[in-house]
Amino acid sequence: CLPANQERFASGKLATVQFHPSAQVVMTAGHDRSVSLFQVDGIRNPRIQSIYLESFPIYKACFSVDGEQVIATGTHHKMFFVYDMMSGSIIPIQKVRGVEERFLRNFEVSPDGSFMLLTGTSGYLHLLSMKTKELISTMKVNGRCTASAFAPDSSKIYSYSKEGEVFIWDVRSRKCLHKFEDEGSLEGKCIAVSKNNQYVACGSASGVVNLYTTDVCLKENHPKPVKAIMNLVTSATCVTFNPTTEILAVASRETDEAVKLV
């Protein structure tokens, strides 16, 4: 295949590459302060458009579930942008009332499209309404939260702390249902829940990715992993399941070509 973004290579590091939820479109975004959309036909991959956010190097960008918006956070900003693809307008969200953070970087969008979860500092997690971008509630984990993932039905949130603990929250009541320790984790880095809700994968700074069954995670405080994946030698920075839960991709951005398919 040709490079998806061959019509406009980014001049800085790419932070995000994501396929559109329903169209044959791929988005790239990164440190050169731009978000680009490409029609993926495999022949030319024509560029649809690029938007430029002045003095706003992008930390993460993500499509909304309906595919009508792109949300982008910056590397050192407390504001974020919403790009409405229907109207072509770029909406800056200067401040979310009730959220006191020096900067907002990491976030997740719930699979049902109704929530946006912002990862704050000092263990704070801010649950926002996707429709209004207003704060619904704030939760707090012990220590610092490094990664979060929604359950596929959007009823629960799994939050992974720097100390290697995973907190499971009920989205409706915002109460902590359970917490468990990720076996052997010195520092939590990334977490994913499979689409069929069967597995939870936790990646840590040592490069080990532990795979658990979801039901064990909800019951035990020290669950045993079904499998510990030791293939990465540098910090595991990304874990993700394919849609049919047959493949788990584990990756480290700290060295070249550190992507393994399990």
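What counts and what doesn't
Residues numbered from 1 in each chain as written. Predicted model: local features only at pLDDT ≥ 70, side-chain atom pairs only at ≥ 80, totals over all residues. Heavy atoms only, no water. Helix = DSSP H or I, 4+ residues; strand = E, 2+ residues; numbered from the N terminus. Pairing = 2+ DSSP bridges. Axes fitted to C-alpha atoms, helices over the stretch in contact; angles between N-to-C directions. Salt bridge = Lys/Arg side-chain N within 4 Å of Asp/Glu carboxyl O. Buried < 20%, exposed > 50% of the residue type's maximum accessible area, 1.4 Å probe, protein only. Disulfide = S-S within 2.5 Å. Phe/Tyr/Trp six-rings, centres within 6.5 Å; stacked < 30°, edge-to-face > 60°. Lys NZ or Arg CZ within 6 Å of the ring centre and 35° of its normal.

Draft legend 1. Highlighting unusual backbone geometry. Located in the positive-phi region is Arg174, a residue other than glycine, with phi close to 60 degrees. Among the secondary structure elements, Arg174 is positioned in the loop between β15 (165-170) and β16 (176-181).

Draft legend 2. View of the sheet that holds strand β8 (residues 89-93). Across the sheet, which stays open at both edges, the four strands sit in the order β5-β6-β7-β8 with antiparallel pairing between neighbours. Each edge of the sheet is formed by a strand with only one pairing partner; in this case those strands are β5 (58-63) and β8. Averaged over neighbouring strand pairs, the angle between their axes works out to 20 degrees when direction is ignored. Bridge count for strand β7 (residues 80-84) against β8 is five bridges, and the pairing is antiparallel. Bridge pairing in β8 links Tyr83 to Ile90.

Draft legend 3. A look at the pattern of salt bridges. One pass over the structure, following the stated rule, counts seven salt bridges. One salt bridge in this structure joins Arg8 and Asp32, with 3.3 Å as the shortest N-O distance. Linking Arg8 in the segment before β1 (14-19) with Asp32 in the loop between β2 (25-30) and β3 (34-39), this pair joins segments that are 24 residues apart in sequence. We classify Arg8 as partly exposed; its relative accessible area is 21%. A salt bridge links Glu100 to Lys95; the shortest N-O distance between them is 3.5 Å.

Draft legend 4. Looking closely at the pairing of strand β11 (residues 124-129). The element β11 is largely enclosed, with a buried count of five among its six residues. Between strand β10 (residues 115-119) and β11, which pair antiparallel one after the other, the connecting turn spans four residues, and Ser122 there sits at a positive phi close to 55 degrees. Taken together, the five bridges between β11 and strand β12 (residues 135-140) define a ladder with antiparallel strand orientation. Within the sheet, the bridge partner assigned to His126 lies in β12 and is Thr138.

Draft legend 5. Seen up close, the sheet that holds strand β13 (residues 145-150). Pairing within the open sheet is antiparallel, and its four strands lie in the order β13-β14-β15-β16. The sheet is open, and its two borders are formed by β13 and β16, each paired with just one other strand. For this sheet, the mean inter-axis angle between neighbouring strands, taken without regard to orientation, is 20 degrees. When strand β14 (residues 156-161) meets β15, the two strands line up antiparallel, connected through five bridges. Looking across to β15, one finds that Ile157 is bridged to Trp169.

Draft legend 6. Spatial organisation of the state of the cysteines. Counted under the stated rule, the structure contains zero disulfides. With no disulfide of its own, Cys190 lies closest to Cys238 among cysteine sulfurs, the gap being 6.5 Å. Cys217 carries a free sulfur, and the closest cysteine sulfur to it, the one in Cys202, is 6.5 Å from it.

Draft legend 7. Highlighting the packing of aromatic side chains. Throughout the structure, instances matching the rule amount to three aromatic pairs. On the numbers, 4.8 Å between centres and 90 degrees between planes, the contact of Phe56 with Phe81 is edge-to-face. Highlighted residues: Phe56 in the loop between β4 (47-52) and β5 and Phe81 in strand β7, separated in sequence by 25 residues. Under the relative-accessibility criterion, Phe56 is labelled buried at 1%. Directly above the ring of Phe107 sits Lys60, whose terminal nitrogen or CZ lies 5.0 Å from the centroid. It is Lys140 that lies over the ring of Tyr124; its NZ or CZ is 5.4 Å from the centre.

Draft legend 8. Here's a closer look at the pairing of β10. Burial within β10 is extensive, with five of its five residues counted as buried. Note: strand β9 (residues 107-109) against β10, three bridges, orientation antiparallel. Of the residues in β10, the one forming a bridge with Phe107 is Leu118. What sits between the antiparallel neighbours β9 and β10 is a turn of five residues, in which Gly113 has the positive phi angle 80 degrees. Summarising the sheet, β10 and β11 pair through five bridges and their orientation is antiparallel. Residue pairing in the sheet places Leu117 in a bridge with Leu127 of β11.

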